[in-house]
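The residues making up each chain are set out below.
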Amino acid sequence: MSTTGQHQDSDALQRFLRPWTRPARRDFLFRNANIIDPVLGEVRALQTVHVSDGIIQAVYATAEEPARDHGDVVMVDAMGRYLCPGLIDCHVHLSATPGTETLATAFTMPEDVVKFRQPFVCRQVLERGFTAVRDCGGTTYALKEAVEEGVFPGPRMFLAGRALSQTGGHADFRGVHNHECCGGAVTGLGRIVNGVPECLKYAREELRGGADFIKIMAGGGNTQFTADEIQAIAAVASSYQTYVTAHAYTPAAIRHAVDNGARAIEHGNLLDADTARYMAEHGTFLTPTLVAYAELAANRVPGYLSSTLAAKNARVLQSGLHALTLARDAGVTLCYGTDLPGAFGVAQAGEFALRAQVLSAAECLRCATVNAAQLLMQADLLGQIRPGFAADLLVLAANPLEDILVLDDPEKNMLLVMKDGRVEVSRWSSVAEEAVVRPGMIA
């Protein structure tokens, strides 16, 4: 049997075993498109972008387009609209699905309930233009696998698995009267570990189970984990060619994490100028999540936060923009994050408006594209519209470099969302969405 015949038989077998397997990707040629370059903060006018097999194959001026047989290529005249790299949210919790009325229950829903709701959440993420997300605790590899296989649409996922927390740490959700625990116990988005042996064991367990990086709870209101514990976790991550990120707010917690091997910091709202410079010197990434505090402070759902959490939320909200300014001025690489629980995910693009108070539009966009790609260790694949990069892109009606808030109104400004060379979302009559499983035509 020929190699071609063997390949066809293999494809048929895979479609039989996995009947949700999607049809082969179509080739696209976007012509007369204004390309957003987040690196330079510039627009390249009237370009042609050739997409094939999920990859951007070529980019050139439309006026210089070579003569060719386009065959079955889908021709799209962008007519001066803007092609922007797909957005990347570096701090989500896809396991905190809508349907709960308090923050406490958002992270402790039964796993079966979570899994049946996650396909809805994944679709919503794509509709807002986020073609990749970094899940910082709670989501299992099964969700990522289902999306990659085409069971249902969703963003690219980079997972922490369960966030590691010490007893009494930020992911220990037990009540004060609950003293039952054991090493490695799962509590919602986290896993409780104590001592170097447990830190080693369960960091390895998360990576064995499909985690792309390790998340630790290095600070709640106090510094958490010992230096030896963090170093042990960081050593495991390094042996798997990945990294540790740390939930930390205070300068003490941030320095403690960075000193002992953390490559990135989540939140960082209480950052001071010296610690910002310290982070920059160590090449530490920072992912602020300002929109989470703003949304929770708006009191959309009365009683969603306890009085204690409401007071804490007010404090970190007030300091968040100042910390962002300090980090930017110090040269810290900033990434886009939201950390929105449950139904609050509807405000996922609202982080842009908050950051725009202190950052330029180009800086805001870099946070959600090229900077985020660097943090994900995908700088040669994601975050730009260049040959060899993944075909994760948006077609926009307006220029986000002139007004970043166009990204916060996708129903008005986002005509199309392409991920991995597939049209996952279309509000544009010129281009149809691709069905998850293409139905046959009757007549």
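Residues numbered from 1 in each chain as written. Predicted model: local features only at pLDDT ≥ 70, side-chain atom pairs only at ≥ 80, totals over all residues. Heavy atoms only, no water.

A few words on the overall build of the protein. Counting secondary structure elements, the protein contains 14 helices and 19 strands. Taken against the 2.2 N^0.38 rule, which gives 22 Å for 443 residues, the C-alpha radius of gyration of the protein at 22 Å falls within 12% of a compact globule. Structurally, the protein occupies a C-alpha span of about 70 × 50 × 45 Å along its principal axes. For the protein, the residues scored as buried account for 53% of the 443 residues in total. Long-range pairs, those at least 24 residues apart, make up 67% of the contacts in the protein with a sequence separation of at least 6. Looking at the protein as shown, the accessible area adds up to about 18700 Å², and 52% of this sits on carbon and sulfur atoms. (Helix = DSSP H or I, 4+ residues; strand = E, 2+ residues; numbered from the N terminus. Rg over C-alpha atoms; globule rule 2.2 N^0.38 Å. Buried < 20%, exposed > 50% of the residue type's maximum accessible area, 1.4 Å probe, protein only. Contact = heavy atoms within 4.5 Å. Areas by Shrake-Rupley, 256 points an atom, 1.4 Å probe, with all protein chains shown as cover.)

It is worth spelling out the packing of aromatic side chains at this point. Counted by the stated rule, this structure contains six aromatic pairs. Their ring planes at 40° and their centres at 4.5 Å tell us that Tyr336 and Phe352 sit as a pair that is tilted. Of this pair, Tyr336 sits in the loop between strand S16 (333-334) and helix H11 (351-355) while Phe352 is found in helix H11, placing the two residues 16 residues apart along the sequence. Under the relative-accessibility criterion, Phe352 is labelled buried at 0%. Taken together through their ring pairs, the aromatic side chains of Phe130, Tyr336 and Phe352 make up a single cluster. (Phe/Tyr/Trp six-rings, centres within 6.5 Å; stacked < 30°, edge-to-face > 60°.)

With respect to topology, three strands assemble into an open sheet ordered S6-S7-S8, the strand pairing being parallel. The open sheet is flanked by strand S6 (87-92) and strand S8 (156-159), the only strands paired with a single partner. Neighbour to neighbour, the strand axes of the sheet diverge by 15° on average, direction disregarded. Pairing of strand S7 (residues 130-135) with S8 involves four bridges; the strand directions are parallel. When the bridges of S8 are listed, Arg134 appears paired with Phe158. (Pairing = 2+ DSSP bridges. Axes fitted to C-alpha atoms, helices over the stretch in contact; angles between N-to-C directions.)

This brings us to the pattern of salt bridges. With the rule as written, the count across this model stands at 22 salt bridges. One salt bridge connects Glu65 with Arg31, and the closest N-O pair in it is separated by 2.9 Å. Here Glu65, found in the loop between strand S3 (55-61) and strand S4 (74-77), pairs with Arg31, found in strand S1 (residues 28-37); they are 34 residues apart in sequence, far enough to count as distant. Overall, Arg31 belongs to the partly exposed group, its relative accessible area being 30%. Of the charged contacts, one joins Asp392 and Arg156 as a salt bridge, the two residues approaching to 2.6 Å between their closest N and O atoms. With Asp392 in the loop between helix H13 (370-375) and strand S17 (393-396) and Arg156 in strand S8, the pair connects residues that are 236 residues apart, well separated along the chain. For the residue pair Asp392 and Arg156, the accessibility class agrees, reading buried in each case. (Salt bridge = Lys/Arg side-chain N within 4 Å of Asp/Glu carboxyl O.)

To continue, consider a nonpolar patch on the surface. Taken together, the side chains of Leu13, Phe16 and Leu17 present a nonpolar region at the surface, about 350 Å² in accessible area. In this structure, Leu17 sits in helix H1 (residues 3-17). (Patch = residues over 30% accessible without salt bridge, like charges linked within 9 Å, V, L, I, M, F, W, Y side chains within 5 Å.)

A few words on the environment of Phe28. Note that Phe28 resides in strand S1. When the C-alpha positions of Phe28 and Val49 are compared, they lie 7.9 Å apart, and in sequence the two are 21 residues distant.

So, about the pairing of strand S19 (residues 422-426). Burial analysis of S19 places five of its five residues in the buried class, the great majority of the element. With four bridges joining them, strand S18 (residues 414-419) and S19 adopt antiparallel strand pairing. Bridge assignment links Leu416 to a residue of S19, and that residue is Ser426. Taking the residues that link successive antiparallel strands as the turn, the S18-S19 hairpin has two residues, and the phi of Asp420 there is positive, at about 55°.

Next up on the list: the pairing of strand S2 (residues 42-52). Side-chain direction in a regular strand flips from residue to residue, so the side chains alternate between the two faces of the sheet. Pairing of S1 with S2 involves seven bridges; the strand directions are antiparallel. Bridging across to S2, Asp37 finds its partner in Glu42. Connecting the antiparallel pair S1 and S2 is a turn made up of four residues, with Gly41 showing a positive phi of about 65°. Pairing geometry for S2 and S3, over six bridges, is antiparallel.

So, on to the environment of Arg31. The sequence separation of Arg31 and Ala12 amounts to 19 residues, and the corresponding C-alpha distance is 35 Å. For Arg31, the contacting residues outside a window of four places in its chain are Gln47, Thr48, Thr62, Glu65, Met75, Val76, Asp77, Ala78 and Met79.

Moving on: the nonpolar core. By size, the foremost hydrophobic cluster in this structure holds 90 residues, and its most contacted members are Leu164, Ile216, Ile265, Phe352 and Leu407. If we ignore the near neighbours within four places in the chain, the residues touching Ile216 are Leu164, Phe225, Ile230, Ile233, Val244, Thr245, Ala246 and His247. Residues Phe30, Ala33, Ile385 and Leu416 belong to the second largest nonpolar core, which totals 22 residues. (Core = buried A, V, L, I, M, F, W, Y, C linked by side-chain atoms within 4.5 Å.)

Quick look at the packing of helix H8 (residues 273-281) against helix H10 (residues 307-330) now. With their axes 8 Å apart at the nearest point, H8 and H10 run at an angle of 45° to one another. Judged by the angle between their axes, H8 and H10 are oblique. As H8 packs across H10, the resulting crossing turns out to be right-handed. Together, Ala273, Ala276, Arg277 and Ala280 of H8 and Leu326, Ala327 and Ala330 of H10 make up the contact between the two elements. Here the residues of the contact of H8 with H10 sort into six nonpolar, no polar and one charged. (Parallel < 35°, antiparallel > 145°, perpendicular 65-115°, else oblique. Left-handed = near helix turned anticlockwise from the far one by under 90°. Nonpolar A, V, L, I, M, F, W, Y, C, P; charged D, E, K, R; others polar.)

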